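The chain contents come next:
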Amino acid sequence: MGKTVLITGGAKRIGKSIVYKLASSGYNIALHYNKSKKDALKIKNKLKNKYKVICEIFKIDLSNEKQTAKLIKMVLLKFDKIDILINNASIFFRSNIINTDLKLYNMTMNINFKAPFILSRDFAVKLKTGLIINILDTKIEKNNSSYAVYTITKKALKSLTFMCANEFGPHIRVNGIAPGIILAPEGKSDEYLDKMAEKIPLKKKGSLDDINNAVEYLIKNEYITGQIIYIDGGQHL
């Protein structure tokens, strides 16, 4: 059947770009979505026609831990195995610590951290071999609280990346990618990104291809585990 990638949040933004990149390399795609069914179906049909790979879509609300715990099982009913897990799905709301209510805290924590924890655990238990890639954020190196809970979850996911790499070896590798100025937040323009980029060492924004190339590198280099690649033009510095 060929190799299969499970990617969460694969119907939008960075996830969508990674899906197309890996499909173009011959990987079958298990595409998770929650509210983006129309986009997921469109991607499924395009991958089948353009790249001749298998793409199955899976609706799961990652804020619900019981649903999350079903995802790996659901994928394995459609595919013989999962070779790569990419924990990409996350939510992103501006709110400092003082203004964060528990509803926002719990939802963000469940989607951004608890879901990758559950999926990584289940991947290790059921597959026993392969690669996990966690999509982080260059914000993990700073302590700005403008996006407090989001940043906390990504910091936690960084630590989980290291812990999983240590525990799951030698047969499962675990790495992270920390993007910087790549895509504008909803409601912001490319000019907003250009202005932000003036403050970082390379003084330019990145592209989705930069993320895709990092994913490809981590797949091909089988002697890398427990590493975070910052695709951020030096922003984390």
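Preceding this section is the structure that the text describes.
Residues numbered from 1 in each chain as written. Predicted model: local features only at pLDDT ≥ 70, side-chain atom pairs only at ≥ 80, totals over all residues. Heavy atoms only, no water.

## Observations concerning the pattern of salt bridges
What the rule picks out here adds up to 9 salt bridges. One salt bridge connects Lys-114 with Glu-65, and the closest N-O pair in it is separated by 2.9 Å. Of this pair, Lys-114 sits in helix 5 (residues 102–126) while Glu-65 sits in helix 3 (residues 65–68); the two residues are 49 residues apart in sequence, bridging distant segments of the chain. According to the relative accessible area criterion, Glu-65 is partly exposed, its value standing at 44%. (Salt bridge = Lys/Arg side-chain N within 4 Å of Asp/Glu carboxyl O. Helix = DSSP H or I, 4+ residues; strand = E, 2+ residues; numbered from the N terminus. Buried < 20%, exposed > 50% of the residue type's maximum accessible area, 1.4 Å probe, protein only.)

## Quick word on the pairing of strand 2 (residues 28–33)
Counting buried positions over the 6 residues of strand 2 gives 6, a clear majority of the element. Of the two faces of strand 2, the one carrying Asn-28, Ala-30 and His-32 and the one carrying Ile-29, Leu-31 and Tyr-33 are both buried. Bridge analysis of strand 1 (residues 4–7) against strand 2 gives 4 bridges, and the strand direction is parallel. Residue pairing across strands places Ile-7 opposite Leu-31, the latter belonging to strand 2. (Pairing = 2+ DSSP bridges.)

## A closer look at empty space enclosed by the protein
All told, the structure shown has 1 cavity of 30 Å³ or more when counted by the stated rule. Approximately 40 Å³ is the volume attributed to the largest cavity. Every residue lining the largest cavity is listed: Phe-93, Ser-95, Thr-100, Leu-104, Thr-108, Tyr-147, Ala-148, Val-149 and Tyr-150. Contributing elements (two or more residues each) for the lining of the largest cavity: helix 5 and helix 6 (148–168). If one sorts the elements of the lining of the largest cavity by residue count, helix 6 sits on top with 3 residues. For the lining of the largest cavity, the per-class residue count stands at 6 nonpolar, 3 polar and no charged. (1 Å grid on protein atoms, 1.4 Å probe; cavity = no way out; pocket = protein on both sides within 12 Å on 5 of 7 lines; lining within 4 Å. Points joined across faces, edges and corners; volume = space filled by probe spheres on them. Nonpolar A, V, L, I, M, F, W, Y, C, P; charged D, E, K, R; others polar.)

## Some words on the side chain of Thr-138
Take Thr-138: it is sitting in the loop between strand 5 (130–135) and helix 6. A distance of 2.7 Å separates the side chain of Thr-138 from the side chain of Asp-232, its partner in a polar contact. Here His-236 takes part through its backbone nitrogen, which lies 3.4 Å from a polar atom of the side chain of Thr-138. Those residues in contact with Thr-138, other than ones at most four positions away along the chain, are Ala-178, Pro-179, Gly-180, Tyr-230, Asp-232, Gln-235 and His-236. (Polar contact = N/O pair within 3.5 Å; in protein donor to acceptor, adjacent residues only side chain to side chain. Contact = heavy atoms within 4.5 Å.)

## Concerning the pairing of strand 6 (residues 172–179)
Consecutive side chains of a regular strand alternate in pointing toward one face of the sheet and then the other. Burial runs high along strand 6: 8 of the 8 residues are buried. Neither face of strand 6 is left uncovered, since the one carrying Ile-172, Val-174, Gly-176 and Ala-178 and the one carrying Arg-173, Asn-175, Ile-177 and Pro-179 both have all their residues buried. Of the pairings in the sheet, the one linking strand 5 to strand 6 comprises 6 bridges and is parallel in character. Note on strand 6: the bridge partner recorded for Ile-132 is Val-174. Here strand 6 runs beside strand 7 (residues 228–231); their pairing, made up of 4 bridges, is parallel. Bridging from a neighbouring strand, Ala-178 pairs with Tyr-230 of strand 7.

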